[in-house]
Amino acid sequence: MPKKSVPRKNITPIIVDIKKPDFNYERLKKFEKLNLTHIPRVAAPKFLVFKRAVLALLFIGLISISVFLIVVLTNLKTIKANVTETGNQIISNFTSSASALKNFESDTAVGLLKENNQSLDNINNLIQKGGGQSFLDVVGNVVPIVKNTFGFLGQVTKLNITFLELAQNVQELETNGFKYFQTSGQNLVALLQNIHGLIQKVNGQTQDIKNNTSNLKNLSSFFSKIDQDIGNQYLKYSSELYNWDNILVSFSELLASPTDRHFLIFFQNPSEIRPGGGFVGSYADITVNGGQMKQMDVRDIYDPDGQLDLKIVPPKQLQTVTPDWGARDANWFFNFPTSAETIINFMEASKMYSEKKVIFEGAIALNINVVKTLLGITGPIDLPEYKLTMDQNNLLYEIQRSVEAGEDKKAGQPKKILKTLAPLLLEKLNGLSPAVQKNLFDRIKNHLTKKDIMFYAKDQNLSGFLATSDLDGSVFNLPNNFWGSYLAVVNANVAGGKSDAFVDEKVSANVDVDTSGNTFTNLSVTRTHNGNLEKDSWWKAPNKNFIQIFTEPGAALVSISGNDAKPKYQTPDYQNSNYAVNPALAAIEKNEIFVSNYKTWVRKESGKNVFATWLMLPAGETKALNMRYQSSYNNPVLVASDQIYTFVFEKQAGVKNKLEVKINAPFRYYWAESGSAVFSYASDDPDKRIILTLTLKKQQSEN
């Protein structure tokens, strides 16, 4: 029969299960049709649904984190390998950069630190690339050692940036410092102050890194090695940076003073050699204010001496040529700071400066070799007033000719040519390009190694720095336990014209070391006077040389030959006259003994035993001073394998000599450095100080 339609509104599309009367059927009202073949499942309570959802999310998260960790940890292994590979080089570059800056090699320091920047950027990019940084940020909050590890990398990066900025500032100082000093004192002071701030920042950052590596050194051998490397270098370089900073502050205060400060430049003439480096016939008084040179007054040394009322007893060797001691002859000490102090004392006592209450903060000594270099850089300079062009080749001849026999001497102004040349030279130096300025600075550094330039300062911080940096021309201090040899040959031309310009000197030392640790030295100083071919009388004058041999403290003279006895002349009666004595000179001469049969004075000076005598050398001749001396030591040396022996040669400023040294080991020993019983060293132009450190080795006994 046909089906009867029933209105939908009269039908409830829900079948109720009488066994589950509490089931919620209301949720099913949304369905328009009821599938009677499918029995609805009972819904879980709400909290069970939430729990299952969380577990599902956690499961998915763990899977994701696991994949992430695999990627990150793989990346961390790559990071570790990269850090390990480049870390040692980064530390090495830091150390080398510090040494380079100490030696005024800013270009080298900048290059090494830029290399570090690239290496550190590579490591940081590697961390960011693999998502490692996000992971490290999260894990670092839970595991501090992880945070510290990569915090260390950030510290090193910051230090390198600061150190690079410091090196670049020093580079600018090398390139433009002299120009700023002449034309822009404010820029110079600002640059020095910026360097001061960067040094302090480097010190602080280095301390932070040291503290961090101390905490990390047990984490891995890599950090242990870094901690050791930094520990070995930290105290050394932090103290040096501290000293540099103190010097910078002291120097900046002097330079930036709003009141006039005076400094001296001594023009040493090695053609008339003196123990401190040459006769100081001329000088320049430099007035500085606000970081800039305000005035340069070039004068004859006889100007202040002419207004000196002091009566000081001169050294014995000078008493036959001058009854009074003055600034002109005060460069008498091999230890240059003593010479500089003595010259300044004479000048400040002169009415020329005392009446104006002028005091001098310090001095720079330079010889004609430096001026030749300056002319080589700037090119020739025209002097129309003298109808000549001055260059590096004719400088010595033309100046000496003008001083000795020119029109200026007749007019009573023998050094006027220097006063004319100096400002023209400075003007040319001021116009040099930065590249040429850098070249000039490099040439100046070479003169420093040859002792053509020396510095003296009254300020204790500055003087201490100059001494430790070997820039002040001071005599080398031997340690208390010194075992070895010290040698310096020191010449003084007394009334011998300008003949040293044509005297060649060769120093030969043969040292025998015995099994008791004593040394026996055969020394030969050969001098040849080539001035006989010159036209001017001052070049070919007989070379009258008071020669002093500085040796180790325990040396005793055994024999001497080739020396001369200078003729005696009448000298003033200083004891019964109103003359004062110089304390430094008196301290030397009071312990002096004249050994008549050797025609030699024996004394102590600058902690050394000194043998002094005369060596007269006519033009065109060659003479040799031969000497033998024996040395013993306060602390007896027990000769044994690995014992260290040291030979020190110290050059006199202004003297170009050849050096030959042979050191013979004790019987049945040899030197590790040469592999034989003899160690030899030779140089045609040695630096200002040569230190040879040799290691004894016991020969193997033969069966």
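Engineer: What should I look at first to understand the overall build of the protein chain in this one?
Structural biologist: Along the protein chain, the regular secondary structure elements total 16 helices and 21 strands. Here the protein chain, with 703 residues, has 47% of them falling under the buried criterion. Sequence-distant contacts in the protein chain: of pairs separated by 6 or more residues, those separated by 24 or more amount to 72%. Of the roughly 36,200 Å² of accessible surface on the protein chain, a fraction of 54% belongs to carbon and sulfur atoms.

Engineer: What am I meant to see in the side chain of Arg-274 here?
Structural biologist: In this fold, Arg-274 is placed in the loop between strand 1 (261-269) and strand 2 (279-289). Among the polar contacts made by the side chain of Arg-274, one reaches the side chain of Asp-329 at a distance of 2.9 Å. The residues contacting Arg-274, other than those within four sequence positions of it, are Phe-279, Leu-318, Asp-329, Asn-331, Trp-332, Asn-491, Ala-492, Asn-493 and Gln-652.

Engineer: Would you explain the sheet that holds strand 16 (residues 622-631) in this entry?
Structural biologist: The strands that make up a sheet are held in pairs by hydrogen bonds between backbone atoms, and each pair lies either parallel or antiparallel. Strands sit in the order 12-16-10-9-18-20 across an open sheet of six strands; the sheet is mixed. Two strands bound the open sheet, and with one partner strand each, they are strand 12 (555-561) and strand 20 (678-683). Between one strand and the next, the sheet's axes are offset by a mean angle of 15°, whatever the strand orientation. Taken together, the six bridges between strand 18 (residues 657-664) and strand 20 define a ladder with antiparallel strand orientation.

Engineer: Help me understand unusual backbone geometry in this model?
Structural biologist: Both trends apply: most residues other than glycine have a negative phi, and most peptide bonds are in trans. In the Ramachandran plot, Ala-495 falls in the positive-phi region, its phi being about 60° despite a non-glycine side chain. Among the secondary structure elements, Ala-495 is positioned in the loop between strand 8 (484-493) and strand 9 (503-513). A relative accessible area of 46% means that Ala-495 is categorised as partly exposed. Despite not being glycine, Asp-642 shows a phi value in the positive range, around 75°.

Engineer: Is there a simple way to think about the packing of helix 10 (residues 368-378) against helix 14 (residues 434-449) in this case?
Structural biologist: Each pair of packed helices can be summarised by the angle the axes make with each other and by the distance between the axes. Running from amino to carboxyl end, helix 10 crosses helix 14 at an angle of 160°, the nearest separation of the two axes being 11 Å. By the angle between their axes, helix 10 is roughly antiparallel relative to helix 14. Where helix 10 crosses over helix 14, the handedness of that crossing is right-handed. Residues Asn-369, Val-370, Thr-373, Leu-374 and Ile-377 of helix 10 lie in contact with helix 14, whose contacting residues are Val-436, Asn-439, Leu-440, Arg-443, Ile-444 and His-447.

Engineer: Sorry if this is basic, but what is going on with the nonpolar core here?
Structural biologist: Grouped together as the largest cluster of nonpolar side chains are 75 residues, with contacts concentrated most on Leu-166, Leu-383, Met-390 and Leu-395. If you tally residues by element for this core, the top one is helix 4 (residues 144-183), at ten residues. Excluding anything up to four places from it in sequence, Leu-166 contacts Leu-101, Ile-195, Leu-198, Ile-199 and Val-202. Of all hydrophobic cores here, the second largest spans 37 residues; its members include Ala-330, Ile-343, Val-358 and Met-616.

Engineer: What exactly am I supposed to notice about the packing of aromatic side chains here?
Structural biologist: For any pair of aromatic rings, the description rests on two quantities: the centre-to-centre distance and the angle between the ring planes. Inspection of every chain in the model, using the stated rule, returns 15 aromatic pairs. Aromatic side chains Phe-594 and Trp-601 sit 4.7 Å apart centroid to centroid with 55° between the ring planes, which places their arrangement in the tilted category. Judged by relative accessible area, which is 17%, Trp-601 ranks as buried. Here a set of aromatic residues connected by ring pairs shows up, and it is made of Trp-332, Phe-546, Phe-594, Trp-601 and Trp-614. The ring centre of Tyr-486 lies 4.9 Å from the NZ or CZ of Lys-608, which sits over that ring.

Engineer: Please clarify how the sheet that holds strand 7 (residues 453-457) should be interpreted in this entry.
Structural biologist: An order of 3-2-1-4-7 is seen for the five strands of this open sheet, with the pairing classed as mixed. Two strands in the sheet have a free side with no partner beyond their single neighbour: strand 3 (292-300) and strand 7. Strand-to-strand twist of the sheet, defined as the mean angle between neighbouring strand axes without regard to direction, takes the value 20°. Pairing analysis gives five bridges linking strand 4 (residues 360-367) to strand 7, with the strands arranged antiparallel. Along strand 7, the bridge assignment pairs Ala-363 with Tyr-456. This element, helix 13 (residues 416-430), spans strand 2 and strand 3 of the sheet and lies at about 155° to strand 3.

Engineer: I would appreciate a short explanation of the packing of helix 11 (residues 395-405) against helix 13 in the present structure.
Structural biologist: Viewed as axis vectors pointing N to C, helix 11 and helix 13 meet at an angle of 135°, and their least axial separation amounts to 8 Å. The orientation of helix 11 relative to helix 13 falls into the category oblique. Across the interface between the two elements, Leu-395, Glu-398, Ile-399 and Ser-402 from helix 11 touch Ile-417, Leu-418 and Leu-421 from helix 13.

Engineer: Is there a simple way to think about the confidence of the model for the protein chain in this case?
Structural biologist: Regions with low pLDDT should not have their predicted coordinates read in detail. The pLDDT averaged across the protein chain works out to 85; a share of 80% of its residues lies at or above 70. In the predicted structure, residues 67-74 sits below a pLDDT of 50 and forms nine contacts with residues beyond four places in sequence or in another chain. Contacts of residues 135-147 to residues separated by more than four positions or lying in other chains number 14 contacts, the stretch itself having pLDDT below 50.

Criteria and cut-off values
- Residues numbered from 1 in each chain as written.
- Predicted model: local features only at pLDDT ≥ 70, side-chain atom pairs only at ≥ 80, totals over all residues.
- Heavy atoms only, no water.
- Helix = DSSP H or I, 4+ residues; strand = E, 2+ residues; numbered from the N terminus.
- Buried < 20%, exposed > 50% of the residue type's maximum accessible area, 1.4 Å probe, protein only.
- Contact = heavy atoms within 4.5 Å.
- Areas by Shrake-Rupley, 256 points an atom, 1.4 Å probe, with all protein chains shown as cover.
- Polar contact = N/O pair within 3.5 Å; in protein donor to acceptor, adjacent residues only side chain to side chain.
- Pairing = 2+ DSSP bridges.
- Axes fitted to C-alpha atoms, helices over the stretch in contact; angles between N-to-C directions.
- Parallel < 35°, antiparallel > 145°, perpendicular 65-115°, else oblique.
- Left-handed = near helix turned anticlockwise from the far one by under 90°.
- Core = buried A, V, L, I, M, F, W, Y, C linked by side-chain atoms within 4.5 Å.
- Phe/Tyr/Trp six-rings, centres within 6.5 Å; stacked < 30°, edge-to-face > 60°.
- Lys NZ or Arg CZ within 6 Å of the ring centre and 35° of its normal.
- pLDDT = per-residue confidence, 0-100.

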